[in-house]
Amino acid sequence: MRKLIIPFLLASVASFAQSPVGQNQPDRTYLTALELFDKGHMGSARAMFERYASYEESPIISEDAQYYIAFAALNLFNEDGEYKIDRFVKEYPNNPKAELANLSLGLSYFREKNYAKAAEYLNKVDFSELNTANAAEGRFKLAYSLFARQQFDQALVHFNFLKRANGEYYFASNYYAGYIEYRIKAYDLALSDFLRAEKGDSYVAVVPYMLASVYYAQKDFDKLISYAIEALEKKEVRNKAELKLLLADGYFQTEDFEKSARYFTQYMDENPSLSDKGLQFKAGYAFMQMGDNARAIELFKNVALEDSETGQFASYYLGVLYQKEGNLPFAETAFQKAAQKTFNPKIQEEASFAAAKIAFTQGEYSDAIEGFKKFSKNYPSSSYQEEVNELLSEAYLSSNNYQEALAYMESIPNKSANIKKTYQRVAVYKGVELFNNANYYEAVKIFEKSLQFPMDKEWTAIAHFWMGEAYSIGKKYNEAINAYAAVFRQAAEGSEYFIRARYGIGYAYFNTKQYEKALTHFKEYTDASDRKSNLVFYPDAWIRLADCYYVNKLYNKAVETYNEAIQANNPDKDYALFQKGVIQSIQGNGEGAKSTLKAMLKEFPQSRYADDAEFQYAQIDFEQGNYEQAVKGFTVVINTRKQSPFVPYALGKRAIANYNLKNYSQTEADYKEVLEHHITHKTANSALLGLQEVLTLQNRSEEFEPYLTRYKNVNPENAGLASVEFESAKNLYFNQKYDKSISSFQNFLSNYPESGFVFEARYYLAESYYRANNSSEAIRYFEEVIADNQTPYIVRSMQRIAELEFKKGDYERAMQFYHRVLPIANTKKEQYNAWSGLMDTHYLLAAYDSVVYYAQIILERGNVSASAQNKASLYLGKAAFQQGNYEKATDEFLNTLNSARDEYGAEAQYLIALMYYNQKNYSQSLQSVYELKDKFATYEYWLGKAFLLIADNFIATGEIFQAKATLESIIEKSPVSSIVQEAQTALKKLNESNATAPQGTDSTQSN
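Conventions adopted
For every chain, the first residue of its written sequence is number 1, and the numbers climb from 1 along that sequence. Local features in a predicted model are, by the rule used here, given only for residues with pLDDT of at least 70; side-chain atom pairs are given and counted only at 80 or more, and totals for whole chains, interfaces and linings are based on all residues. Note that the side-chain values use all heavy atoms of the structure and ignore hydrogens as well as water. Each helix is a run of DSSP H or I of at least 4 residues and each strand a run of E of at least 2, with the numbering of both proceeding from the N terminus. Atoms considered for the radius of gyration are the C-alpha atoms alone. The globule rule reads 2.2 Å times the number of residues to the power 0.38. Any two residues whose heavy atoms approach within 4.5 Å at even a single point are treated as in contact. Each accessible area is a Shrake-Rupley result for a 1.4 Å probe, and residues are judged covered by the shown protein chains and nothing else. In summary, the charge assignment counts Lys and Arg as positive and Asp and Glu as negative, without counting His or the chain termini. Where a charge lies is defined by one atom per residue type, namely NZ (Lys), CZ (Arg), CG (Asp) and CD (Glu). Multiplying one less than the number of residues by 1.5 Å gives the expected span of a helix. Each residue's exposure class comes from its accessible area (1.4 Å probe, protein chains only) as a fraction of the maximum for that residue type: buried when under 20%, exposed when over 50%, partly exposed otherwise. A 3.5 Å cut-off defines polar contacts: any pair of N or O atoms within that distance qualifies, except that in protein one atom must be a possible hydrogen donor and the other a possible acceptor, and neighbouring residues in sequence count only when both atoms are side-chain atoms. As used here, the term nonpolar core means buried Ala, Val, Leu, Ile, Met, Phe, Trp, Tyr and Cys residues forming a set that is joined through side-chain atoms within 4.5 Å. Only Phe, Tyr and Trp rings are paired, with Trp represented by its six-membered ring, and only when their centres lie within 6.5 Å; those with planes under 30 degrees apart are stacked, over 60 edge-to-face, the remainder tilted. In this analysis an axis means a line fitted to C-alpha atoms, helices contributing only their contacting stretch, and an angle means the value between N-to-C directions, from 0 to 180 degrees. Put simply, angles under 35 degrees are roughly parallel, angles over 145 are roughly antiparallel, angles from 65 to 115 are roughly perpendicular, and the rest are oblique. Crossing handedness is read from the near helix: turned anticlockwise from the far helix by less than a right angle, it gives a left-handed crossing, and turned clockwise, a right-handed one. Three residue categories are used. Nonpolar comprises Ala, Val, Leu, Ile, Met, Phe, Trp, Tyr, Cys and Pro, charged comprises Asp, Glu, Lys and Arg, and polar comprises the others, including Gly. UniProt positions are given in the numbering used here, feature names are shortened, and annotations may be inferred rather than shown by experiment.

**Quick look at the overall build of the protein**
Next up, step 1: Per the secondary structure count, the protein includes 55 helices and zero strands.
Next up, step 2: For a compact globule of 1007 residues, the expected C-alpha radius of gyration is about 30 Å, and the protein comes in at 50 Å, more than 25% above that figure.
Next up, step 3: A principal-axis box enclosing the C-alpha atoms of the protein has dimensions of 170 × 70 × 50 Å.
Next up, step 4: The long-range share in the protein, meaning contacts at least 24 apart out of those at least 6 apart in sequence, stands at 52%.
Next up, step 5: Total accessible area computed for the protein in this model is approximately 47700 Å², and 47% of it derives from carbon and sulfur atoms.
Next up, step 6: Between the mean site of the 109 positive side-chain charges and the mean site of the 127 negative ones, the protein shows a separation of 2 Å.

**Describing helix α21 (residues 345–361)**
Next up, step 1: With 17 residues, α21 extends 24 Å between its outermost C-alpha atoms, agreeing within 8% with the 24 Å of an ideal straight helix rising 1.5 Å per residue.
Next up, step 2: The buried count for α21 comes to 13 of 17 residues, which makes it a mostly enclosed element.
Next up, step 3: Its side-chain oxygen at 3.1 Å from the backbone nitrogen of Lys346, Asn344 defines the N-terminal cap of α21.
Next up, step 4: Trailing α21 by a residue or two, Gly363 shows a phi angle of about 80 degrees, which is positive.

**Remarks on the environment of Asn478**
Next up, step 1: Among the structural elements, Asn478 can be located in helix α28 (residues 477–490).
Next up, step 2: Sequence separation between Asn478 and Gly468 is ten residues; the distance between their C-alpha atoms is 9.4 Å.

**Focus on the nonpolar core**
Next up, step 1: By size, the foremost hydrophobic cluster in this structure holds 161 residues, and its most contacted members are Phe49, Phe159, Tyr175, Phe194, Phe300 and Phe893.
Next up, step 2: By size, the runner-up hydrophobic cluster in this structure holds 89 residues, among which are Ala395, Ala405, Phe447 and Phe578.

**What to know about the packing of aromatic side chains**
Next up, step 1: Throughout the structure, instances matching the rule amount to 93 aromatic pairs.
Next up, step 2: With centroids separated by 5.2 Å and ring planes inclined at 70 degrees, the aromatic side chains of Phe465 and Tyr497 adopt a geometry described as edge-to-face. Of this pair, Phe465 sits in helix α27 (residues 457–473) while Tyr497 is found in helix α29 (residues 496–511), placing the two residues 32 residues apart along the sequence.
Next up, step 3: The class for Phe465 is buried, based on a relative accessible area of 2%.
Next up, step 4: Note on Tyr497: relative accessible area 17%, which makes it buried.

**Some details on the packing of helix α17 (residues 277–289) against helix α18 (residues 293–304)**
Next up, step 1: Between α17 and α18, the shortest axis-to-axis distance is 8 Å and the interhelical angle comes to 155 degrees. With respect to α18, the axis of α17 lies roughly antiparallel. Along this stretch, α17 crosses α18, giving a crossing that reads as left-handed. Contact residues: α17 offers Lys277, Gln280, Phe281, Ala283, Gly284, Tyr285, Phe287 and Met288, while α18 offers Asn293, Arg295, Ala296, Leu299, Phe300, Asn302 and Val303.
Next up, step 2: Looking at the contact of α17 with α18, its residues break down into nine nonpolar, four polar and two charged.

**Let's talk about the side chain of Ser173**
Next up, step 1: Within the secondary structure, Ser173 is located in helix α11 (residues 170–183).
Next up, step 2: Excluding residues within four positions of it along the chain, Ser173 makes contact with Phe140, Phe159, Leu162 and Lys163.

**As for the UniProt feature "repeat: TPR" (unreviewed entry) in the protein**
Next up, step 1: The UniProt record marks residues 241–274, 499–532, 539–572 and 795–828 with the feature "repeat: TPR" (unreviewed entry), using the residue numbering of this structure.
Next up, step 2: The span residues 241–274 is 79% helix and 0% strand, and its two end C-alpha atoms sit 11 Å from each other.
Next up, step 3: End C-alpha to end C-alpha, residues 539–572 measures 8 Å, and it is 76% helix and 0% strand.

Pasting the structure below:
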């Protein structure tokens, strides 16, 4: 049990024994109580004092007894001890022992470290009433209690009082007074106090660190260094690690970075977790000055995450170091981060310029342009402005952002010859970009702009060539011919575009039925082109050359040319076989023709010319008078090719063949079939006449009248009001007023159900619903168009249904319609669209073998455009990627990238980077994704995906600063909302994981 011993109190026992009052019983009780108290028997003493207090004797002695009772209770830790002391003070405030009571209670709380209560009671003590020892102890412990409660001003008053007496608490009071003075920045006073405290044995080990801290605070770095070095030599000195840290900082302040780095190293070897960001920065800077870039980078990375001026400086120096190390992507990110912070305008300016310049150096011209433009706006008077202007011009000229490049050059009032030459070239690039995006009208306008500055004949020829291509697609063939002809005047004979213009102008003449001229150019093209290296256009040109021979009735030459295509396995081999058969028929070689057509149908049963071939096969028998065979052949067409455009012709021919065979009932049935289901077809008139004849022959002329009436209703000589209303509804459609066109076409169908325009009106109604985004109604009417089978829009309707079902996610139904398109496709483009749709649907259904099948068909036969080839090549890679065959996927993606500069190329580049990431090859992944930034920056979605993958790579390699900066850049700059949402989610997750990561201990240096 702890005892409170107050020497002043115990002197009363002897004096009381000499008093006369000690002779009676109360006196003896009091004396016994004092003796027990003196011997520390507090429990017995308390009992005797309480007995004495029951005697009604001297009030003074009775007051003292109350004090001893309270004091004993306090020492015994009785629950009523504090209460009795407090009560004694209140009831006997003038008793000499009142001061001792408060002192006792205060010291008791002090020993329990209850500094609030200790201060409360010690503050009540009048120390002048106590002896020197008690007063010193009470005052010091009051001061310390106030110190512990951080009531420094009050504590300092008492420590300063004690400093004046060279007593037991002299050194301690100087130490604590010095500490308080250090906190309130009274450094001179603190210095004096610490110097005095240092002489005390108890403080010789702890004062050196505080003294060094004072020297540091006074910026007396020379004194700090000399004192700290001396202190480190003393074994008894504590906080040596912190002294080394102060030494490192002191040397830093005197720019002695070698020694600064040395002491930072010593400190961090002993304390790996240097958590103070300011010291981390200084250490990083010292290491940077000494060329230890790796260590400097690690320290700056931690500090750069801070949203402060120190963080801004750290980001800037990170950029400098990464640049020295040749890590330009990291350097750019670091400079960008420094430029985003506004704490130090000069550093912000330097970082802004550095980030833009690195972007330029890396070929990231769009980023460089944005950076230089922002720099010019923010710092128009910068010393870098002249260099910025030069670099901005170069960046514009080298970028793929041709629109801004053109706008920039157009803003230059006096263009130099070099600017005009560059403008010509960039305008062509922009025109080709618009062309590839199917914006042909705008492309022509830009090509015309390039011709304003015909500085280079080669680029002039290129502009004319692409104008010819755009005009051809728009079916403005005369304009196309003029444009191609201009290529021949500008380009060198035998040059790439000279040869390509031959192909283009050949088609323009072909489509305007100028077959002799077309033949000349296709012949020149095929003679000048290499069959093996030109797999896209050469095979097609060879077929067109054969067509020209055919149309010009050079049949032998045509057959010879078709035969060469057949032997070379031309992608259009089925067409070549068909045409050969047609020519053989024309030449009177019916059996040869039938043999060729039969071979074609056997090898290509799903060919889009299959129905034509079957019809021609039957037609040969028909022309040879083999009517029974002809009937069989036409029946095949009618029964198996129900949506073929040859069905009405086959019905008419079969009717004639049956008539010649005297099968009048079958003849009658076929003519009626035409008039009932194909009444608007051109064969309907012949069917009407034939029906009249066969009914007359059978003496049933009266049955003819209803057919004649319906034919007249459907095919009036003057459509009148119905025609006006139909054209009005079409005008609404073509003016893109789809809600109104829907209403008009519905009214038309209701008002004129027998009109010949009904079938076409139904198609336009379906298209109106399609363009008004009413999928269900669009599908309904497209299905009716297909069922009617009365318009040339059957294939288009099937394509529309397939597209809409695909968008709805009904891939099985979409595939059904894509398959239905293939055998009746009228053009290569329609055929390609079906193959492409099947490739897309199979991919989404994870049927990757089928994806490969259709992709290969497109590559072999779907030579519609470079974009079509690029997509097929990409899907070969995507199928391999999904099957985990990364080696094959990489090969296919690289094949795609050999020609693709479109969105398919961007996706291929992204997937290559993603594969490297999945394989944990992060450096290669970053290299690949940086290539995407350089080559495909105009494709915002894939650019956003690229930056997200960059962030993933940084996270995987522990580059948290780089990762955060990248995600913040995406959120700030990306125009694609889905990409921004992904970045926000990733950044939130990163911040949360970083917040829960283990943190280092705080610096031990106090301020």
